[in-house]
Amino acid sequence: MTPEAPPGHPALLAQITADLAGGADPTALLRRFLPQMVAVCGAEAGVMRVLSADGRGFELVADQGLPPDLRLLEMAVEADCGVCGAVAGSLEVAWSDAGNACARRHPHPFLAAPGRRVLAVPLAHRGRVLGVCSLFFGPGGDVSAQVMALLKTLGEVVGLALHGARMEAQALQTAVMAERQMMAAEVHDAIAQTLSFAKMRLPLLAAAVDGGDREGARRYIGDLRSAVGQAHGDLRNVLSHLREPIDAPDLRHVLEAGRRALREQAAVALEVRDDAPELQLPPPQAHQVQRIVQEALTNIARHAGARHAWLSIERHGCELEIRVDDDGRGLPDRPPGTDERHYGLDIMRQRAALLGGDIEIARRQEGGTCVRLHFPVDGMPS
């Protein structure tokens, strides 16, 4: 709960709090409101700094009233330097003498002016300083107790926003890294394995040519031609995935895109049955579902030799089931690990695990293959 603003300057606190609640970027907000904070306190200048990504110092994000040449010197400071370093170990609004605290770092006339004082306001959350606002005053400069209370409250409000922004950035970085790893797996499994197969055929082709084995040479050339075609098709699919938005559209879009792709790639008729038309998946879940459905339909187009395919969506309480069936030739009889297609199936299983669910791949009694994905959708409107 945000502390109540002290009397005197409630409008500034109310506006900052409202903007943060509306999703405003904290750093942009600091730039916009610093001039008002300088004016409210009667300061000659002010700077806003936030904790660097490595946590070792503070980086300048906004300044008001600093001489231009000093601003260049103040772009970054160490966490143990001057006022900023002092406030990093404290949660209190603190006064310091600029000549002692700041002029040691940069012997600039502005900082070393007689009587120059600095008021440092920590931007903190749960005992951790995530930024600092430094306000510079001339001789005799001071602020009232009400303004001091206002500055402490502002520091707490902005500190909370900075904490939220850092958590969001870390979550985004984690999501991006996970997706990059998944895409690296797709490139490796779909393309590198095919190229490795081609690489192994090259010495066999060379030996057949050197030995005058025309029949063997033709066979190995055919293998290489097939492998290159397969790798080219896989690369096109990977590039298509990369061009799509990260925040995948809803489930309806996934189904329609799958229908179009299957019709264009293999002229296979896809019948869709959606028994949960009102269900809306969050973008991260829809993204994983989209990839799984695409992989299942791509396998049908490339390998199944099917004429028809069926995609169905059913909700059973708190679990969603998505099935992709085809009337093709079914799963190969060869053991797992001898067919490059099993790598794509492994990736599908990894994506199902990210959904908190599971995926089953089996032969259909009627012929063909059934891919069944099921995962929890607790709390989502049906």
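So, about the overall build of the protein chain. From N to C terminus, the protein chain includes 11 helices and 11 strands. Residues counted as buried form 43% of the 382 residues belonging to the protein chain. Counting contacts in the protein chain only where the partners sit at least 6 residues apart, residues at least 24 apart contribute 65% of the total. For the protein chain, the accessible surface area stands at approximately 19900 Å², while carbon and sulfur atoms represent 55% of it.

This part is about the environment of Ala267. By secondary structure assignment, the location of Ala267 is in the loop between α9 (251-266) and β7 (269-274). In this structure Ala267 comes out as exposed when scored by relative accessible area, which is 65%. Placed 41 residues apart in sequence, Ala267 and His308 show a C-alpha to C-alpha distance of 9.1 Å.

Attention shifts here to the pattern of salt bridges. Counted under the stated rule, the structure contains 13 salt bridges. A salt bridge links Lys152 to Glu92; the shortest N-O distance between them is 3.8 Å. Note that Lys152 is positioned in helix α7 (residues 145-210) and Glu92 in the loop between α4 (82-88) and β4 (94-97), a separation of 60 residues in sequence. Note that Lys152 and Glu156 form a salt bridge whose closest N and O atoms lie 3.9 Å from each other. Of this pair, Lys152 and Glu156 both sit in helix α7, four residues apart, which is roughly one turn of that helix.

A separate point is helix α10 (residues 283-304). Compared with the 32 Å implied by 1.5 Å per residue over 22 residues, the 30 Å span of α10 between its first and last C-alpha is a close match. In terms of burial, α10 is a largely internal element, 17 of the 22 residues being buried. Directly after α10, the chain includes Gly305, whose backbone phi takes a positive value near 65°.

This next bit is on the pairing of strand β11 (residues 369-376). In regular strands, side chains alternate between the two faces of the sheet. When you tally the buried positions in β11, you get six out of eight residues, the bulk of the element. As defined by bridge partners, strand β9 (residues 319-326) adjoins β11 across seven bridges and the pair is classed as antiparallel. By the bridge assignment for β11, Ile322 is matched with Leu373. With six bridges connecting them, strand β10 (residues 358-363) and β11 associate as antiparallel partners. Across the sheet, Ile359 pairs through a bridge with Leu373, a residue of β11. Linkage of β10 to β11, two consecutive antiparallel strands, is achieved through a turn of five residues, within which Gly367 is found at a positive phi near 105°.

The residue Gly141 is located in the loop between β6 (128-137) and α7 in this model. On a C-alpha basis, the gap between Gly141 and Arg117 in space is 7.5 Å, while along the polypeptide they are 24 residues apart.

The strands making up a sheet associate through hydrogen bonds between their backbones, and the pairing can be parallel or antiparallel. Sheet architecture is open: five strands sit in the order β7-β8-β9-β11-β10, paired in mixed fashion. For this open sheet the edge positions go to β7 and β10, each flanked by a neighbour on one side alone. Strand-to-strand twist across the sheet, computed as the mean angle between neighbouring axes with direction ignored, equals 10°. The pairing of β7 with strand β8 (residues 308-316) spans six bridges and is classified as parallel. In the sheet register, Ala269 faces β8, and the bridge partner there is His308. Contacts from α10 reach β7, β8, β9, β10 and β11, with the element oriented near 15° to β9.

Met48, Leu135, Leu151 and Leu154 are the most contacted members of the largest nonpolar core, which has 38 residues in total. Elements supplying a minimum of two residues to this core: α1 (10-21), α2 (26-41), β1 (45-51), β2 (57-64), β5 (117-125), β6 and α7. Not counting residues within four places of it along the chain, the set of residues in contact with Leu151 comprises Met37, Cys41, Val93, Leu119, Val121 and Leu135. Ala276, Ala296, Ile359 and Val371 belong to the second-largest nonpolar core, a separate cluster that totals 30 residues.

Here His108 shows up in the loop between α5 (98-101) and α6 (109-112). A polar atom in the side chain of His108 sits 3.0 Å from the side chain of Asp69. Other than its neighbours up to four places away in sequence, His108 contacts Pro67, Asp69 and Leu70.

Below, the discussion takes up unusual backbone geometry. Backbone geometry at Arg126 places phi at a positive 50°, although glycine is not the residue there. Take Arg126: it is sitting in the loop between β5 and β6.

To continue, consider the packing of aromatic side chains. Describing an aromatic ring pair means giving the distance of the ring centres and the angle of the ring planes. Within this structure, the stated rule accounts for two aromatic pairs. Ring centres of Phe110 and Phe136 lie 5.8 Å apart, and the angle between their planes is 65°; this geometry places the pair in the edge-to-face category. Here Phe110 is found in helix α6, whereas its partner Phe136 is found in strand β6, with 26 residues between them in sequence. The ring of Phe110 is capped by Arg116, whose NZ or CZ atom sits 4.0 Å from the centre of that ring. The ring centre of Trp95 lies 3.9 Å from the NZ or CZ of Arg117, which sits over that ring.

Note on placement: Leu29 falls in helix α2. For Leu29, a relative accessible area of 5% corresponds to the buried category. C-alpha separation for the pair Leu29 and Asp19, spaced 10 residues apart in sequence, amounts to 7.9 Å.

Reading the values: rules and limits
Residues numbered from 1 in each chain as written. Predicted model: local features only at pLDDT ≥ 70, side-chain atom pairs only at ≥ 80, totals over all residues. Heavy atoms only, no water. Helix = DSSP H or I, 4+ residues; strand = E, 2+ residues; numbered from the N terminus. Buried < 20%, exposed > 50% of the residue type's maximum accessible area, 1.4 Å probe, protein only. Contact = heavy atoms within 4.5 Å. Areas by Shrake-Rupley, 256 points an atom, 1.4 Å probe, with all protein chains shown as cover. Salt bridge = Lys/Arg side-chain N within 4 Å of Asp/Glu carboxyl O. Expected span 1.5 Å × (residues − 1). Pairing = 2+ DSSP bridges. Axes fitted to C-alpha atoms, helices over the stretch in contact; angles between N-to-C directions. Core = buried A, V, L, I, M, F, W, Y, C linked by side-chain atoms within 4.5 Å. Polar contact = N/O pair within 3.5 Å; in protein donor to acceptor, adjacent residues only side chain to side chain. Phe/Tyr/Trp six-rings, centres within 6.5 Å; stacked < 30°, edge-to-face > 60°. Lys NZ or Arg CZ within 6 Å of the ring centre and 35° of its normal.

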